[in-house]
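# Coordinates in review
The chain contents come next:
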Amino acid sequence: MWPRIRRVLKHPIMVMVVLTLLCRGVKNAYPFNSFPMYADPSEYPSNYLVVADGAGNALDIKKHTGLSSAKVKKIYTERLNRTCKKNGLEPEEATPEIRKEAFAETMRQLREAATKRKRPLPEMVRITDMLIYQEETTFREEPQVLGEG
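Note that residues are indexed from 1 along each chain, following the sequence as it is written. Note on the predicted model: pLDDT of at least 70 is required for a residue's local features to be given, and 80 or more for side-chain atom pairs to be given and counted; whole-chain, interface and lining totals, by contrast, use all residues. Side-chain measures were taken over the full set of non-hydrogen atoms in the model, leaving aside hydrogen atoms and water.

### Regarding the overall build of the chain
Selection rule: Working definition: helices are DSSP H or I runs of at least four residues, strands are E runs of at least two. Numbering for both runs from the N terminus. Each residue is placed in one exposure class: buried if its accessible area under a 1.4 Å probe, protein chains only, is under 20% of its type's maximum, exposed if it is over 50%, and partly exposed if it falls in between. Using a 1.4 Å probe, accessible areas were evaluated by the Shrake-Rupley method; residue-level cover was limited to the displayed protein chains.
Broken down by element type, the chain carries six helices and three strands. Listing every helix and strand of the chain by position from the N terminus yields α-α-α-β-α-α-α-β-β. Put simply, the chain has 149 residues, and 25% of those count as buried. Element-wise, carbon and sulfur atoms account for 58% of the exposed surface of the chain, whose accessible area totals about 11,100 Å².

Following this line, the structure appears as structure tokens:
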């Protein structure tokens with residue numbers, strides 16, 4: 001019986017079993033994790049950005065600028081956070097003028113990147129934040145235009 005148990009314990013899948021049991025038992029103590037992002041979804045919406053031309057046709061922003069949509073989102077968020085901090089506000093309290101300033105800075109950076117790649121952006125570009133809400137068993141998308149320019 002012992003040789004059989006020893007052979008089962010030496011099987012490569014046992015490493016995964018042991019790690020899984022450790023993660024479940026130790027919870028969030030470094031370097032283990034209980035994977036809360038899968039167990040307890042947030043009530044706040046998820047989101048992604050859509051960069052489109054003036055007519056609303058999505059642009060392949062990575063092709064134009066070398067920056068992914070996720071990177072554009074990070075650039076906008078960083079600009080908004082920096083501008084809000086400068087004005088002593090939280091990002092949720094940002095005025096339309098502050099949001100417009102953050103958008104203008106983001107567009108300046110996107111246009112510079114597109115020019116360097118010799119793939120200029122259209123004259124009119126719209127960035128839309130698509131919020132995704134989970135409602136029971138369905139999902140709902142809600143677009144919010146961050147700016148046009």
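From this point on, the discussion continues.
### Observations regarding the pattern of salt bridges
Opposite charge on two side chains makes pairing possible when the charged atoms of those side chains draw close. Threshold: Salt-bridge detection follows one rule: a side-chain nitrogen of Lys or Arg within 4 Å of a carboxyl oxygen of Asp or Glu.
Going through the model one piece at a time under the given rule, you end up with nine salt bridges. The shortest N-O distance in the salt bridge between Glu78 and Arg79 comes to 2.4 Å. Owing to a relative accessible area of 34%, Glu78 belongs among the partly exposed residues under this scheme.

### Section: the environment of Tyr48
The cut-off we apply is this: Any pair of residues with heavy atoms lying within 4.5 Å of one another is described as a contacting pair. The term polar contact refers here to a pair of N or O atoms within 3.5 Å; inside protein, the definition further demands a hydrogen-donor-capable atom paired with an acceptor-capable atom, and it admits residues adjacent in sequence only when both atoms are side-chain atoms.
Structurally, the position occupied by Tyr48 is in strand β1 (residues 46-53). Look at Tyr48 and you get partly exposed, because its relative accessible area is 32%. Residues Tyr48 and Met130, 82 residues apart in the sequence, show an inter-C-alpha distance of 5.4 Å. Those residues in contact with Tyr48 that sit more than four places away from it in its chain are Thr128, Asp129, Met130, Ile132 and Glu141. Within the structure, the side chain of Tyr48 is placed 2.9 Å from the side chain of Glu141, a separation counted as a polar contact.

### Thoughts on the side chain of Thr65
Position of Thr65 relative to the elements: it lies in helix α4 (residues 61-65). For Thr65, a relative accessible area of 6% gives the class buried. Polar contacts involving the side chain of Thr65 include one to the main-chain carbonyl oxygen of Ile61, which spans 2.7 Å.

### Details of the environment of Lys71
Locating Lys71 in the fold gives a position in helix α5 (residues 69-86). Once the C-alpha coordinates of Lys71 and Leu49 are considered, the two residues, 22 residues apart in sequence, prove to be 9.6 Å apart.

### Here we look at the side chain of His64
With respect to the helices and strands, His64 occurs in helix α4. The class for His64 is buried, based on a relative accessible area of 17%. There is a polar contact of 3.2 Å between the side chain of His64 and the backbone oxygen of Arg119. Non-local contacts of His64, meaning those with residues more than four positions away in its chain, are made with Leu59, Ala113, Ala114, Arg117, Arg119, Pro120 and Leu121.

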